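What follows is each chain in one-letter form.
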Amino acid sequence: MDLLEKLRPLLAAEAAAEAYGAGIEPTELEQAVWLRLLERTRADGPPPQPAAWLRGAVRAEVRGARRRARREVPYDPVGDGPPCGPDSRPAEHAEYAEPAEHAVLRAETSRALRAAVRRLPGRCPLLLGALLSRADLTYREIAGELGMSQGSLGPVRSRCLGCLRRMLTAEIAAPELWGKER
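Residues numbered from 1 in each chain as written. Predicted model: local features only at pLDDT ≥ 70, side-chain atom pairs only at ≥ 80, totals over all residues. Heavy atoms only, no water.

Describe the state of the cysteines, listing the residues and the values that go with them.
Per the counting criterion, the structure on display carries 1 disulfide. Cys124 shares a disulfide with Cys160; S-S distance 2.1 Å. Judged by the torsion about the S-S bond (-80°), the Cys124/Cys160 disulfide is left-handed. Highlighted residues: Cys124 in helix H5 (residues 124-132) and Cys160 in helix H7 (residues 150-172), separated in sequence by 36 residues. Here Cys163 stays free of any disulfide, with the sulfur of Cys124 as its closest cysteine sulfur at 5.8 Å. (Disulfide = S-S within 2.5 Å. Helix = DSSP H or I, 4+ residues; strand = E, 2+ residues; numbered from the N terminus.)

Describe the nonpolar core, naming the residues involved and giving the relevant values.
Counting residues in each nonpolar core, the largest one holds 17 residues, and the members touching the most others are Leu11, Ile24, Leu29, Val33, Trp53, Leu54 and Val58. Secondary structure elements with two or more residues in this core: helix H1 (3-22), helix H2 (26-44) and helix H3 (50-71). Not counting the four nearest positions on each side in its chain, Val33 is found in contact with Leu11, Trp53, Leu54, Ala57, Val58 and Glu61. Counting 16 residues, the second-largest nonpolar core is a separate cluster that includes Cys124, Ile142, Met148 and Val156. (Core = buried A, V, L, I, M, F, W, Y, C linked by side-chain atoms within 4.5 Å. Buried < 20%, exposed > 50% of the residue type's maximum accessible area, 1.4 Å probe, protein only. Contact = heavy atoms within 4.5 Å.)

Residue-level account of the side chain of Glu61, with values.
On the secondary structure map, Glu61 appears in helix H3. Glu61 sits in the buried class, given a relative accessible area of 14%. Once residues lying within four places of it in the same chain are set aside, the contact partners of Glu61 are Leu29, Ala32, Val33, Arg36 and Arg68.

Can you break down the packing of H2 against H3 residue by residue, with the values?
Contact geometry of H2 with H3 gives a least axis separation of 10 Å together with a crossing angle of 125°. By the criterion of interaxial angle, the relationship of H2 to H3 is oblique. In this structure, the crossing between H2 and H3 has a hand that is right-handed. In contact with Leu29, Ala32, Val33, Arg36, Leu37 and Arg40 of H2, H3 contributes Trp53, Leu54, Ala57, Val58, Ala60, Glu61 and Val62. For the contact of H2 with H3, the per-class residue count stands at 10 nonpolar, no polar and 3 charged. (Axes fitted to C-alpha atoms, helices over the stretch in contact; angles between N-to-C directions. Parallel < 35°, antiparallel > 145°, perpendicular 65-115°, else oblique. Left-handed = near helix turned anticlockwise from the far one by under 90°. Nonpolar A, V, L, I, M, F, W, Y, C, P; charged D, E, K, R; others polar.)

Tell me about the environment of Cys163, and please be specific about residues and values.
For Cys163, the position within the fold is in helix H7. Along the primary structure Cys163 and Pro121 are separated by 42 residues, whereas in three dimensions their C-alpha atoms are 8.7 Å apart. With near-sequence residues (within four places) excluded, Cys163 lies in contact with Leu120 and Pro121.

Any chance you could break down the side chain of Glu14 for me, citing the residues and the numbers?
Checked against the element boundaries, Glu14 lands in helix H1. Ignoring sequence-local partners within four residues, the contact set of Glu14 consists of Leu54, Arg55 and Val58.

Requested: an account of the pattern of salt bridges, with residues and values cited.
This structure, assessed with the given rule, holds 6 salt bridges. Across the pair Glu5 and Arg8 runs a salt bridge whose closest N-O atoms are separated by 3.0 Å. Highlighted residues: Glu5 and Arg8, both in helix H1, separated by 3 residues, approximately one helical turn. Among the residues examined, Glu5 registers a relative accessible area of 43% and is labelled partly exposed. Taking relative accessible area as the criterion, Arg8 reaches 38% and is therefore assigned partly exposed. For Arg59, the salt bridge identified is with Glu141, shortest N-O distance 2.7 Å. One end of the pair, Arg59, is in helix H3; the other, Glu141, is in helix H6 (residues 139-146), and 82 residues separate them in sequence. In this structure Arg59 comes out as buried when scored by relative accessible area, which is 12%. Assessed through its relative accessible area of 28%, Glu141 is described here as partly exposed. (Salt bridge = Lys/Arg side-chain N within 4 Å of Asp/Glu carboxyl O.)

Written out as structure tokens, the structure is:
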């Protein structure tokens, strides 16, 4: 059976499941993945595990579509100036760039969150680390990596988030008495 015919039903299903969450049409997503497969096949030949490659390509295309959607700025022919708001500032233009203070605070918050996650007990650091990962893993992939059943991920995640919430509340709450200076 030809590789394209073998992958067509899987791609249609994956595209239908993922496309609307990214705000694109499933057919557009399918075309992008077929193009990616064609480029890869020309350069390196067919992937050794076509189904796994296809699922990864679909997720990569969806992530790209989400990034593009965040950067898009609607055109307003009657507007007096550039759009405002942090989500409507294209990063390509320095005058619309996020202030350096915001970028530093966001990076520091992310660093503090990841440090707190690493201090959690049991499987929590691994589970929350996988959920925070840029790899955009599915529950099935996370369950496989951690050797857990997919059905137990949600309850364990809830317990881990509760533990993280309690830990951060204790750290953020005033370490000294309120209203009194040392």
